[in-house]
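An overview of the molecular structure
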Amino acid sequence: MLERFGPPGAAERRFWRYALKAWFNLANPHWLLWKLSQPARLRLRLQERAYF
């Protein structure tokens, strides 16, 4: 699939990967903040680590 429909070069694949990450994170700021707060919540033992 990648060879046929994906970007032709590694640099272009890297660009699109980071562009999609930025788009998802900026389009959902509440989710982004929740995602970034997880390591702190685990460190402070406010939440248990999920093992699934």
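Quick note: structure is the one above.
To start, this report covers the structure provided alongside it.

Basis of the calculations
- Residues numbered from 1 in each chain as written.
- Predicted model: local features only at pLDDT ≥ 70, side-chain atom pairs only at ≥ 80, totals over all residues.
- Heavy atoms only, no water.
- Helix = DSSP H or I, 4+ residues; strand = E, 2+ residues; numbered from the N terminus.
- Expected span 1.5 Å × (residues − 1).
- Bend = angle between axes of the 7 residues up to and from the residue.
- Buried < 20%, exposed > 50% of the residue type's maximum accessible area, 1.4 Å probe, protein only.
- Axes fitted to C-alpha atoms, helices over the stretch in contact; angles between N-to-C directions.
- Parallel < 35°, antiparallel > 145°, perpendicular 65-115°, else oblique.
- Contact = heavy atoms within 4.5 Å.
- Nonpolar A, V, L, I, M, F, W, Y, C, P; charged D, E, K, R; others polar.
- Phe/Tyr/Trp six-rings, centres within 6.5 Å; stacked < 30°, edge-to-face > 60°.
- Lys NZ or Arg CZ within 6 Å of the ring centre and 35° of its normal.

Attention shifts here to helix H3 (residues 29–43). The end-to-end C-alpha distance of H3, which contains 15 residues, comes to 22 Å, matching closely the 21 Å that a straight helix rising 1.5 Å per residue would cover. Where H3 bends most, at Ser-37, the angle is about 35°, and the proline Pro-39 comes one to four residues later. Looking at the residues trailing H3, positive phi occurs at Arg-45, about 60°.

Attention shifts here to the environment of Gly-9. Position of Gly-9 among the secondary structure elements: in the loop between helix H1 (2–5) and helix H2 (10–27). Overall, the relative accessible area of 25% leaves Gly-9 in the partly exposed class. The spatial distance from the C-alpha of Gly-9 to the C-alpha of Lys-21 is 19 Å, given a sequence separation of twelve residues.

Let's shift gears to the packing of H2 against H3. How two helices sit against one another is set out by the angle between their axes and by the gap between those axes. In the contact formed by H2 and H3, the axes pass within 5 Å of each other and the chain directions differ by 105°. With respect to H3, the element H2 is oriented roughly perpendicular. Along its contact with H2, which presents Asn-25, Leu-26 and Ala-27, the element H3 presents Pro-29, Trp-31, Leu-32 and Lys-35. Residues that form the contact of H2 with H3 fall into these classes: five nonpolar, one polar and one charged.

What follows covers the packing of aromatic side chains. Describing an aromatic ring pair means giving the distance of the ring centres and the angle of the ring planes. Applying the stated criterion to the full structure yields two aromatic pairs. With 5.1 Å between their ring centres and 75° between their planes, Phe-15 and Trp-16 make a pair best called edge-to-face. Overall, Phe-15 belongs to the exposed group, its relative accessible area being 52%. Overall, Trp-16 belongs to the partly exposed group, its relative accessible area being 43%. Cation over ring: Arg-17 sits above Tyr-18, and NZ or CZ is 5.7 Å from the ring centre.

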